[in-house]
Amino acid sequence: MSESSHTVEKLRGAVNYRKWKEEVSALLRSKGLWSMVQGQDHGSAADGRYTQQDLAGGDANAAPNIPLPEVFKANQALLARREKAIGVLLDNMDYSIHSELDPIPTAQNPNPPALTPQQAWTRLAILY
């Protein structure tokens, strides 16, 4: 089965944000990445990664039975989905506004991590 050849008009700012949002949300859904921008796909660790307890369905007693390599594998898959979701957003934005998704340094955190897909989606909604 081939992928859809539908093209999304690149986000240029407020001028086409509403239409872009609808088209990109459909694209993210078709790629199984919508949960990433909705913040529904994450673990309970402070950085959103999965823990042994997450993979044990929240059961603290069963958590030690989850092998650490399994947790590592789940987190690798999670990070790959995050990167794919951010990639879909960036691929469908005019390059001139890519910098809108740069993390904002603060005095407490001068080198913040990259935005999550949910943070990026929310920032674009606030801006446009």
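Residues numbered from 1 in each chain as written. Predicted model: local features only at pLDDT ≥ 70, side-chain atom pairs only at ≥ 80, totals over all residues. Heavy atoms only, no water.

Draft legend 1. Expanded view of the environment of Lys-84. Along the polypeptide, Lys-84 turns up in helix H4 (residues 68–91). Taking the C-alpha atoms as reference points, Lys-84 and Lys-31, separated by 53 residues in sequence, lie 9.1 Å from one another. (Helix = DSSP H or I, 4+ residues; strand = E, 2+ residues; numbered from the N terminus.)

Draft legend 2. Local environment of the nonpolar core. Membership of the largest hydrophobic core comes to 24 residues, with the highest contact counts inside it found for Trp-20, Val-24, Leu-28, Leu-89 and Trp-121. Contributing elements (two or more residues each) for this core: helix H1 (17–30), helix H2 (34–37), H4 and helix H5 (117–127). (Core = buried A, V, L, I, M, F, W, Y, C linked by side-chain atoms within 4.5 Å. Buried < 20%, exposed > 50% of the residue type's maximum accessible area, 1.4 Å probe, protein only.)

Draft legend 3. Focus on the packing of H1 against H4. Two elements in contact, H1 and H4, have axes whose closest approach is 11 Å; the angle formed by their N-to-C orientations is 150°. Where H1 crosses over H4, the handedness of that crossing is right-handed. For the pair H1 and H4, the contacting residues are Trp-20, Val-24, Leu-27 and Leu-28 in the first and Ala-85, Val-88 and Leu-89 in the second. Grouping the constituent residues of the contact of H1 with H4 by class yields seven nonpolar, no polar and no charged. (Axes fitted to C-alpha atoms, helices over the stretch in contact; angles between N-to-C directions. Left-handed = near helix turned anticlockwise from the far one by under 90°. Contact = heavy atoms within 4.5 Å. Nonpolar A, V, L, I, M, F, W, Y, C, P; charged D, E, K, R; others polar.)

Draft legend 4. A look at the confidence of the model for the protein chain. Looking at the protein chain, the pLDDT average stands at 89 and 95% of residues meet or exceed 70. Mean pLDDT per element in the protein chain: helix H3 (residues 52–55) is the minimum at 86, and H1 is the maximum at 97. (pLDDT = per-residue confidence, 0-100.)

Draft legend 5. Molecular detail of the packing of aromatic side chains. For the structure on display, the rule yields four aromatic pairs. Among the aromatic residues, ring-to-ring pairing joins Tyr-17, Trp-20, Trp-34, Trp-121 and Tyr-128 into one connected group. A cation over a ring is seen here: Arg-29 above Trp-34, with NZ or CZ 4.0 Å from the ring centre. (Phe/Tyr/Trp six-rings, centres within 6.5 Å; stacked < 30°, edge-to-face > 60°. Lys NZ or Arg CZ within 6 Å of the ring centre and 35° of its normal.)

Draft legend 6. View of H4. Given a rise of 1.5 Å per residue, 24 residues ought to cover 34 Å, and the 34 Å separating the end C-alpha atoms of H4 matches this to within 8%. The set of residues buried in H4 consists of Val-71, Ala-74, Asn-75, Leu-78, Arg-82, Ala-85, Ile-86, Val-88 and Leu-89. Where the residues of H4 are buried, they touch H1, H2, H3 and H5. (Expected span 1.5 Å × (residues − 1).)

Draft legend 7. Highlighting the pattern of salt bridges. Summed over the entire model, instances satisfying the criterion amount to two salt bridges. Measuring nitrogen to oxygen at the nearest pair gives 1.9 Å for the salt bridge that ties Glu-9 to Arg-12. The exposure class of Glu-9 is partly exposed, given its relative accessible area of 36%. A salt bridge links Glu-23 to Lys-19; the shortest N-O distance between them is 3.8 Å. Residue Glu-23 and its partner Lys-19 are both found in helix H1; the two are separated by four residues, about one turn of the helix. Judged by its relative accessible area of 17%, Glu-23 falls in the buried class. (Salt bridge = Lys/Arg side-chain N within 4 Å of Asp/Glu carboxyl O.)

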